[in-house]
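# Fold and contact review
Listed below, chain by chain, are the residues.
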Amino acid sequence: MNLFNCQACGQMLYFENRLCERCSHRLGYLPDDDRMHALEAEGDAWRALGTPDALYKFCANAGQDACNWLIPADAAEPLCAACRHNRTIPDVSHPTALAQWRKIELAKHRLFYTLIKLGLPLANRADDPDGGLAFDFLDDPPEGAVMTGHDNGLITLALKEADDAERETRRTQLHEPYRTLLGHFRHEVGHYYWDRLVRDEGRLEACRALFGDERQDYAAALQRHYDQGAPADWQQGFISAYAASHPWEDFAETWAHYLHIVDTLETAHAFGVRVRPMVDHTGDLSARVDFNPYRRGTIADMVDAWLPIAFAVNSINRSMGQADFYPFILTPAVIAKLGFIHSLIIADRRAKTA
């Protein structure tokens, strides 16, 4: 994530800020130029200080305090580039559901920040009724529980995942080291991009060479995973135990970690983070993120920077009595899989500019 400043007073801002705490200017994010804009009202519209020649309005979901993205004032579409992918949202007349949906949207907008900056295809259901990317945010029905998952571009997220206590309970029950709303989004969208960038682009054999043959019975593979667990040596070839359940899940888990790494490295780059441990006499744990991972760098560059930063932040977390920030191991096999995903994204970007 990049860093932002208020264009009126220079105050540093978070991506989620709606109002500058120093000068009280209303704020809105414009994905077209990747900037947080300080705004001044002009009739029913807003003029952005950074682009004074244009007028904007807020996404319609800003009325529920669920979005802070801007769209052109004369746009016929009332929703922003992230919110127009929503197919089903909860009943916002219920305070608990509204609060949960707001938390979901915070995570989803961070997801879309990354997808847009990577230049990935983002057809919605209006663009592609059969396979566009769409989201259902659902509460449990009386007769059962909603299962988070993906089906041909439709991502379903259980509303209860926005309840911190419930999500922690599920994380513990499933023996997961990491479970967050943003992690769910990054994982599930990995299934969508397997369809778009692997299956639809004729890269099945190259993908199978690294992740395995996805034609094996998916339901049986998941049932075996839940009954028997992951193989004892799963860490040699997989980023997580769940990734070992089936090649589709391996791809989605690895995709999620690629997005974790890219976005966190951009944050480190924006902060000028440098890691140089005093006891590291070899330099193996030293790193400086002197490149923007969204536009430059090989997978080797990313991993070389990532490992020291993850070790440093893990150590800081332990000093605060918290669990490791990144409790995962990047083996050579996992790095090769990350490299494959990096190559997919680069190839898609090049195809669009050719």
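A short tour of the structure in this document, coming up. Because the structure is predicted, anything quoted here is derived from the model rather than measured. Numbering of residues starts from 1 in every chain and runs along the sequence as written. Given that the model is predicted, a residue must reach a pLDDT of at least 70 before its local features are reported, and side-chain atom pairs must reach 80 or more before they are shown or counted; all residues, however, enter totals for whole chains, interfaces and linings. Excluded from the side-chain calculation are hydrogens and water; included are all heavy atoms of the structure.

### Re the pairing of strand β5 (residues 45-48)
Defined as follows: Only strands joined by at least two bridges in the DSSP assignment are considered to pair. Put simply, DSSP marks the helices as runs of H or I at least four residues long and the strands as runs of E at least two long, and each gets a number from the N terminus on.
In this structure, strand β4 (residues 35-42) lies alongside β5, joined through 4 bridges in antiparallel fashion. Within β5, the residue paired with Ala41 across the bridge is Trp46. Connecting β4 to the antiparallel partner β5 that follows it, the hairpin turn spans 2 residues, and Gly43 within it adopts a positive phi of roughly 65 degrees. Here β5 hands over to strand β6 (residues 51-58) after 2 residues, the two strands then running antiparallel side by side.

### Looking at the pattern of salt bridges
How we decide: Salt bridge, as used here, is a side-chain nitrogen of Lys or Arg placed within 4 Å of a carboxyl oxygen of Asp or Glu. Summary of the burial criterion: residues with accessible area below 20% of their type's maximum are buried, those above 50% are exposed, and those between are partly exposed, where the area comes from a 1.4 Å probe applied to protein chains only.
Taken as a whole, this structure holds 26 salt bridges when the rule is applied. Of the charged contacts, one joins Glu176 and Arg179 as a salt bridge, the two residues approaching to 2.9 Å between their closest N and O atoms. The class for Glu176 is partly exposed, based on a relative accessible area of 23%. Two residues, Arg196 and Asp200, come together in a salt bridge whose shortest N-O distance is 2.9 Å. With relative accessibility at 41%, the residue Asp200 sits in the partly exposed group. Here the salt bridges do not stand alone but share partners, grouping Glu161, Glu166, Arg170, Glu176 and Arg179 into one network.

### Points about the sheet that holds strand β11 (residues 154-158)
Quick note on the threshold: Only C-alpha atoms enter the line fits that serve as axes; for helices the fit covers just the stretch in contact. Angles between N-to-C directions range over 0 to 180 degrees.
Ordered in space as β8-β9-β11-β10, the 4 strands form an open sheet in which the pairing is mixed. Two strands close off the open sheet at either side, each with one partner strand: β8 (86-88) and β10 (149-151). Between one strand and the next, the sheet's axes are offset by a mean angle of 25 degrees, whatever the strand orientation. Relative to β11, β10 runs antiparallel, the two being bridged by 3 bridges. For Asp151, the partnering residue across the bridge sits in β11 and is Leu154.

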